[in-house]
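Here's the letter readout for the chains.
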Amino acid sequence: MMKITHPTRFVLLLIVVITLASATSCMPLTPVPPTPDTVAARLPTVMPTAALPPTATPGTPPLPLTPYPTRPADWEAPFALGGHIRSAQYINAMKYAGMTWTKRQVHHPGEAAYVFIQESHDLGFKIQLTALGDPKSIHREDYVEEYITWVSSLAAAGADAIEVWNEPNIDREWTPGHISPEAYTALLCSAYDAIKAANPDTVVISAAPAPTGYFAGCWPTGCDDEPFLRGMAEAGATDCMDYIGAHHNAGATSPAADIGHPARPTDTHHSWYFLPQTRLYYSIFGGHKQIFYTEMGYAAQEGVTEFSEMFAWASGTSVAQQADWVAGTVALARNTGMVQAIMVWNVWFPRYEHDPQDGFAIIRPEGSCPTCETLHNALVRTAPPSDQDRTTLRLPWPAGLERCIVSQTLPDHPDGFTFDLEFEAVLAAHSGWVTEVRQDTILGNIVLLCRDQDATNECSQYGHLDTAIVSVGQYVERGQEIALSGNIESTGQPGLFFALSSVGKTTPPIFDEMDGGLSSKSCYISQNERR
């Protein structure tokens, strides 16, 4: 669709508002899962997904709708990491974790956004604001004008990034009966022009939709996120934003998983899984815009009051898993090239009625921050812990699983083993530094993990990967998930290549599980305990 330019954008917005008002005034509302009509500060609440038909064979990542890059060299800005804060109380923990942004939600017409902007800048942080309006008034043309004037004032005050509205696909955040991707796109385009006129350096983020399959389509009373985003793309939203806004706060698996969520173990709906959701959103806009996750977090019930039934799917998540999954998600996001920024939901918030905001908090009740440690290790740390075992070599998949050697000699492959992993978690066989994450003409996506930071000692090479979830320079421990296995390029069959090298020479590895050497058997049970 041809880009709509100002002032035509605003005229379109008024037409959409009037049309929806006449077409839907008598339409019955679709019931929405129970949630408070008003949530304090309108903070994130996970929408349950509907049971949908599988979109891919279980265990197999869905194919992207358009090609997507792996860490393009021409990124306009470095990857950004931040946290949604209630106050600046834990700013030092955020710095330790490698965060350089704060995130706040502000309300039209007059919340103290200027104070928040100045506070973040004084602390050396950039700030992303989510600009919330009145859901009951957004269908009124006079209110639309007020809102657009207000968001432009946020840009003029120095906001580094503005998310225009929040979850406009559900009737908690948009006037019931008036929900429409076209109506939201018209608002976004008018806001984009006003923000850029006030401050060309302010980044404009489209409103993240609530990830859900509840509505089974898109209606004026509620819309699933996928058709809502497709409607936005068709209405020209690509030209009216710098980044695609997204939320991911219903995860309860590792970030590269695509099946096995505790809520519905066989359901592959994208809303439960970070990587499938990322691929889908990126593909909908044809790979022309990166994603800005304005909310990303994992709830852990450990140490806090029991979760409500609505969040029972997260009750089994431990604090250690929360810490690993947040750091793993950040590392994966950086490597895909599809994601520009992640704002962690949340640094610290208390419980609000049924909403376990304290469970999502990375600052735990006793004041510890395990997630700060895992993020620090992934993004900041330059030396390993002194007590790490750096001599063992374990099979690169989780303990207790048996996998077999497909071949020791595939055409043009270096010396090593190819195992029959089928889109499964790949674990570090030993502790060390990630020195390479790249594409290879024979081995496809590869990760090189070395026992020494300068790669002069023994290194392990992992090939035929679907996705790497670690970054160059990161220190990982033996048993830590580093990738998702993929297909062998020459045969199209699933598999994982593994080899050891020292000073450029590869050798077939001898794992601890092989009892000192190869035996007549070709299948082995891993003893690699997952970290």
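These numbers come from a predicted model, not from an experiment.

A. Just the environment of Thr 491, in detail. Mapped onto the elements of the fold, Thr 491 is located in the loop between β18 (481-487) and β19 (494-502). Judged by relative accessible area, Thr 491 falls into the partly exposed class, the value being 43%.

B. Seen up close, the state of the cysteines. Under the criterion given, the structure shown has five disulfides. A disulfide bridge connects Cys 218 with Cys 223, and the sulfur atoms are separated by 2.0 Å. Residues Cys 218 and Cys 223 are joined by a disulfide whose S-S torsion is about -110°; by sign, that bridge is left-handed. In this structure Cys 223 comes out as buried when scored by relative accessible area, which is 0%. There is a disulfide in this structure between Cys 450 and Cys 459, and the S-S distance comes to 2.1 Å. Looking along the S-S bond of the Cys 450-Cys 459 disulfide, the torsion reads about 105°, which is the right-handed sense. Of the residues examined, Cys 450 reaches a relative accessible area of 0% and is grouped as buried.

C. Layout of the packing of helix α4 (residues 141-156) against helix α5 (residues 181-198). Direction vectors running N to C along α4 and α5 enclose 35°, while the axes themselves pass 8 Å from each other. Every pair of crossing elements has a handedness; the one defined by α4 and α5 is right-handed. On α5, the residues touching Val 144, Tyr 147, Ile 148, Val 151, Ser 152, Ala 155 and Ala 156 of α4 are Leu 187, Ser 190, Ala 191, Ala 194, Ile 195 and Ala 198. Grouping the amino acids of the contact of α4 with α5 by side-chain chemistry returns eleven nonpolar, two polar and no charged.

D. Structural view of the packing of aromatic side chains. Considering all chains together, one arrives at 20 aromatic pairs under this definition. Between Trp 272 and Trp 313, the aromatic rings sit 6.2 Å apart at their centres with planes inclined by 65°, giving edge-to-face as the arrangement. With Trp 272 in the loop between β8 (244-248) and α7 (274-284) and Trp 313 in the loop between β9 (291-296) and α8 (319-336), the pair connects residues that are 41 residues apart, well separated along the chain. Take Trp 272 and Trp 313: they sit in the same class, and that class is buried. Plain terms: the ring middles of Trp 397 and Phe 419 are 4.9 Å apart, the flat faces sit at 65° to each other, and that makes the pair edge-to-face. Of this pair, Trp 397 sits in the loop between α10 (370-379) and β11 (402-407) while Phe 419 sits in strand β12 (residues 417-419), and the two are 22 residues apart along the sequence. Take Trp 397: its relative accessible area is 0%, and that puts it in the buried class. Its relative accessible area of 0% is what places Phe 419 among the buried residues. Against the face of Phe 116 rests Arg 104, its NZ or CZ located 4.0 Å from the ring centre.

E. How the structure looks around the pairing of strand β14 (residues 432-440). In the sheet, β14 pairs with strand β17 (residues 475-476) via two bridges, with the strands oriented antiparallel. Its bridge partner being in β17, Gly 432 is matched across the sheet by Val 476. Hairpin remark: β14 followed by strand β15 (residues 444-450), antiparallel, with three residues in the connecting loop.

F. How the structure looks around the pairing of strand β3 (residues 126-132). The element β3 is extensively covered by neighbouring structure, given that six of its seven residues are classed as buried. In the sheet, strand β2 (residues 101-107) pairs with β3 via seven bridges, with the strands oriented parallel. Paired with His 107 across the strands is Leu 132, a residue of β3. For the crossover that starts at β2, traverses helix α3 (residues 113-122) and ends in the parallel β3, the hand is right-handed. The sheet contact formed by β3 and strand β4 (residues 161-164) spans four bridges and is parallel. Within β4, the residue paired with Gln 128 across the bridge is Ala 161. This β-α-β element, β3 to α4 to β4, shows right-handed connectivity.

G. Inspection of the side chain of Arg 172 at higher detail. Mapped onto the elements, Arg 172 comes out in the loop between β4 and α5. Taking relative accessible area as the criterion, Arg 172 reaches 11% and is therefore assigned buried.

H. Up close: the sheet that holds β2. Judged by pairing direction, the sheet is parallel, and its eight strands sit side by side in the order β5-β4-β3-β2-β1-β10-β9-β8 without closing on themselves. Edge positions in the sheet fall to β5 (203-206) and β8, since each has one partner strand and no second. Put simply, the sheet's adjacent strands are angled 25° from each other on average, direction ignored. Looking at chain direction, β9 and strand β10 (residues 339-344) are connected through four bridges and run parallel. In the strand pairing of β10, Phe 292 is matched with Ala 341. Its contacts with the sheet put α8 on β1 (80-84), β9 and β10, and the angle it makes with β10 is roughly 165°.

Basis of the calculations
Residues numbered from 1 in each chain as written. Predicted model: local features only at pLDDT ≥ 70, side-chain atom pairs only at ≥ 80, totals over all residues. Heavy atoms only, no water. Helix = DSSP H or I, 4+ residues; strand = E, 2+ residues; numbered from the N terminus. Buried < 20%, exposed > 50% of the residue type's maximum accessible area, 1.4 Å probe, protein only. Disulfide = S-S within 2.5 Å. Axes fitted to C-alpha atoms, helices over the stretch in contact; angles between N-to-C directions. Left-handed = near helix turned anticlockwise from the far one by under 90°. Contact = heavy atoms within 4.5 Å. Nonpolar A, V, L, I, M, F, W, Y, C, P; charged D, E, K, R; others polar. Phe/Tyr/Trp six-rings, centres within 6.5 Å; stacked < 30°, edge-to-face > 60°. Lys NZ or Arg CZ within 6 Å of the ring centre and 35° of its normal. Pairing = 2+ DSSP bridges. Right-handed = clockwise from strand over helix to strand, strands pointing away.

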